[in-house]
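Below, each chain spelled out in residue letters.
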Amino acid sequence: MKSIKVAATHPYQAWIGTGLLDRVGEMTAALRSPCPVALVMDETVAELYGELVASSFAKAGFRPHMYRFPPGEGSKSFELLSHLLEFLAQKGLGRGDLVAALGGGVTGDLAGFAASVYQRGTAYIQIPTTLLAAVDSSVGGKTAVNLPSGKNLAGTFWQPEAVFCDCATFATLPRQELASGAAECVKYGMLGVSGLLETLTRDGLAASWMDIVPPCVAYKAEIVRVDERENGLRRMLNLGHTLGHGVEKLSGFTVRHGEGVAVGMAILTRAAERMGFCEAGTFRFLQRALDALGLPSTSPFSAEALADASLGDKKRQGDHITLILPRNVGSCGLYPISITELLPIIRLGMEEGS
Ligand code: NAD
Ligand code: GLY
């Protein structure tokens, strides 16, 4: 088992191992006295791991209350948030009690948001069961729900008490969900985790995630230490996300988050190369990794539609938007542009040919 410190204003450890689900209760008991716990999970995860985690909590003296919701991005809504908050109240949870998010990024974002506002702030822990949640959403304290206008437009920064990541849970992930998480690993390779793209290109989805998750989490933890509230450096973690959120939105959320990020990274890397911002050959290198993981590198939507949908992203500031563009594999930079420049840049990144 590995442990990585996330030195946010509220510091905590991210524990990464295999077979951790069974030990979540005892490990939580080492951090705080047994209390009621709202165990929040979608129906798929509840079926697979709900009882195991609930009984682990119960064995350690906690009193688990299971909250299940329909799987999918559609559940990251104010309606469900309000339903969950009412559940916490009905079960009599107090501010000193605990919320546990067991599942993927949807569960973590929703349960984290609920914990952050319930009785003006209640403790929560993250128990990621998707690769995406393990390497990204469970760490760093961003919580959110979506609005009709766009992704994650309402949310809070609220750090968990701990992250317990059991990589054995990835064995039950459908192939496309695993690939979606691998896109965020590709992102870390593009940002600066050395050797990652080579490993992912060689091993594809058969990669040893127990070796890949810790360097990704350590990379994110360092960024969160420096810029917890995303005033500068943390924006780098949004590589591929502005266009990615546009793709997700246009698809009615049938395109997964990581798939959208893959498309966003590919379009912007090709454009950056063509604009002379990025070293020649970087796009090919990225594309090989995406191909090996079965991830898309082209948009199913027109440049015009993508530009429109992406401008609703919260990274937009008035007439400007800041793009994250690769300089080469392992280094990216912030690139503020006027919103009128977005469409030509997307077109450049979508044109076929070298
Ligand atoms: P998800 O939570 O919807 O999980 C994907 C699917 O996998 C779901 O159908 C779920 O039921 C299923 N699942 C989960 N674990 C499983 C397992 N072990 N075995 C079988 N099936 C399993 O989505 P996700 O891809 O984990 O997360 C995407 C969300 O995360 C998006 O909403 C995105 O905006 C958010 N996100 C947040 C941050 C952040 O910093 N807060 C960062 C990146 C992404
Ligand atoms: N996933 C982006 C962030 O946590 O900042």
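Residues numbered from 1 in each chain as written. Chains lettered and ligands numbered in written order. Predicted model: local features only at pLDDT ≥ 70, side-chain atom pairs only at ≥ 80, totals over all residues. Heavy atoms only, no water.

Turning next to the side chain of E259. Structurally, E259 is set in helix α10 (residues 257-274). For E259, a relative accessible area of 11% translates into the label buried. Side-chain polar atoms of E259 contact the backbone nitrogen of R256, separated by 2.8 Å. Residues within four places of E259 in sequence aside, it is in contact with Q176, S180, T254, L295 and P296. (Helix = DSSP H or I, 4+ residues; strand = E, 2+ residues; numbered from the N terminus. Buried < 20%, exposed > 50% of the residue type's maximum accessible area, 1.4 Å probe, protein only. Polar contact = N/O pair within 3.5 Å; in protein donor to acceptor, adjacent residues only side chain to side chain. Contact = heavy atoms within 4.5 Å.)

D42, E73, T130, K151 and T172 are the nearest of the 28 residues found near ligand 1. Taking D109, its side chain carries an N or O atom lying 2.9 Å from a nitrogen atom of ligand 1. Interatomic distance of 2.7 Å between a side-chain N/O atom of T130 and an oxygen atom of ligand 1. For ligand 1, whose accessible area on its own is 870 Å², the fraction buried by protein is 91%. Elements with a minimum of two residues in the shell around ligand 1: α2 (43-59), α4 (105-117), α5 (131-137), β8 (150-157) and α6 (175-191). Of the residues forming the shell around ligand 1, the biggest block, 4 residues, is contributed by α2. Here the residues of the shell around ligand 1 sort into 8 nonpolar, 10 polar and 10 charged. (Near = heavy atom within 4 Å. Areas by Shrake-Rupley, 256 points an atom, 1.4 Å probe, with all protein chains shown as cover. Nonpolar A, V, L, I, M, F, W, Y, C, P; charged D, E, K, R; others polar.)

Okay, the packing of α10 against helix α11 (residues 282-292) next. Close contact between α10 and α11 brings their axes to 9 Å; oriented N to C, the two are set at 165°. The angle between α10 and α11 places the two elements in the roughly antiparallel class. Along this stretch, α10 crosses α11, giving a crossing that reads as left-handed. Between α10 and α11, the residues in contact are A262, M265, A266, T269, R270 and E273 and T282, F283, L286 and L290, respectively. (Axes fitted to C-alpha atoms, helices over the stretch in contact; angles between N-to-C directions. Parallel < 35°, antiparallel > 145°, perpendicular 65-115°, else oblique. Left-handed = near helix turned anticlockwise from the far one by under 90°.)

Tallied over the entire structure, the rule returns 2 cavities of 30 Å³ or more. The computed volume of the second largest cavity comes to approximately 40 Å³. Along its surface, the second largest cavity is lined by N238, L239, G240, H241, T242, L243, L268, T322, L323 and I324. Elements with a minimum of two residues in the lining of the second largest cavity: α9 (241-250) and β11 (320-328). (1 Å grid on protein atoms, 1.4 Å probe; cavity = no way out; pocket = protein on both sides within 12 Å on 5 of 7 lines; lining within 4 Å. Points joined across faces, edges and corners; volume = space filled by probe spheres on them.)

What follows deals with the packing of α9 against helix α12 (residues 303-310). Where α9 meets α12, the axes come as close as 8 Å, and the angle between the chain directions of the two elements is 105°. As the angle between them shows, α9 and α12 are arranged roughly perpendicular. Within the contact between the two elements, α9 uses T242, L243, G246, V247, K249 and L250 and α12 uses A305, L306, A309 and S310. Residues of the contact of α9 with α12, tallied by class, amount to 6 nonpolar, 3 polar and 1 charged.

Considering only enclosed or pocket space, the second largest pocket measures out at about 150 Å³ in volume. In terms of lining, the second largest pocket is formed by T9, H10, R95, G121, T122, A123, F157, W158, Q159, E161, E228 and R229. For the lining of the second largest pocket, the residue count by class is 3 nonpolar, 5 polar and 4 charged.

Using the criterion set out here, one finds 5 aromatic pairs in the structure. With centroids separated by 5.5 Å and ring planes inclined at 75°, the aromatic side chains of F57 and F62 adopt a geometry described as edge-to-face. Here F57 matches F62 in class, with each residue buried. Measuring from centroid to centroid gives 5.1 Å for F277 and Y335, while their planes differ by 70°, and the two rings are edge-to-face. Here Y335 lies in strand β12 (residues 331-338) and F277 lies in the loop between α10 and α11, a separation of 58 residues in the sequence. (Phe/Tyr/Trp six-rings, centres within 6.5 Å; stacked < 30°, edge-to-face > 60°.)

Let us look at the sheet that holds strand β10 (residues 316-317). Ordered by their spatial adjacency, 3 strands build an open sheet running β10-β11-β12, and the pairing between neighbours is antiparallel. Among the strands making up the open sheet, the edge pair consists of β10 and β12. In the sheet, β11 pairs with β12 via 8 bridges, with the strands oriented antiparallel. Each residue of the ladder has a partner; that of I324, found in β12, is L334. (Pairing = 2+ DSSP bridges.)

All residues adjacent to ligand 2 are D136, K142, K220, E230, R234, L237 and N238. D136 places a polar side-chain atom, nitrogen or oxygen, 3.0 Å from a nitrogen atom of ligand 2. Taking K142, its side chain carries an N or O atom lying 2.9 Å from an oxygen atom of ligand 2. For ligand 2, the protein covers 89% of the area, taking 200 Å² as the surface of the free molecule. Taken together, the residues that form the shell around ligand 2 break down as 1 nonpolar, 1 polar and 5 charged.

This brings us to the nonpolar core. Membership of the largest hydrophobic core comes to 53 residues, with the highest contact counts inside it found for L131, F170, V186, L200, W209 and V213. Ranked by residues supplied to this core, first place goes to α6 with 9 residues. Beyond its immediate stretch of four places on either side in the chain, V186 contacts L197, L200, M265, L286, L290 and L293. By size, the runner-up hydrophobic cluster in this structure holds 24 residues, among which are V24, V37, A60 and L98. (Core = buried A, V, L, I, M, F, W, Y, C linked by side-chain atoms within 4.5 Å.)

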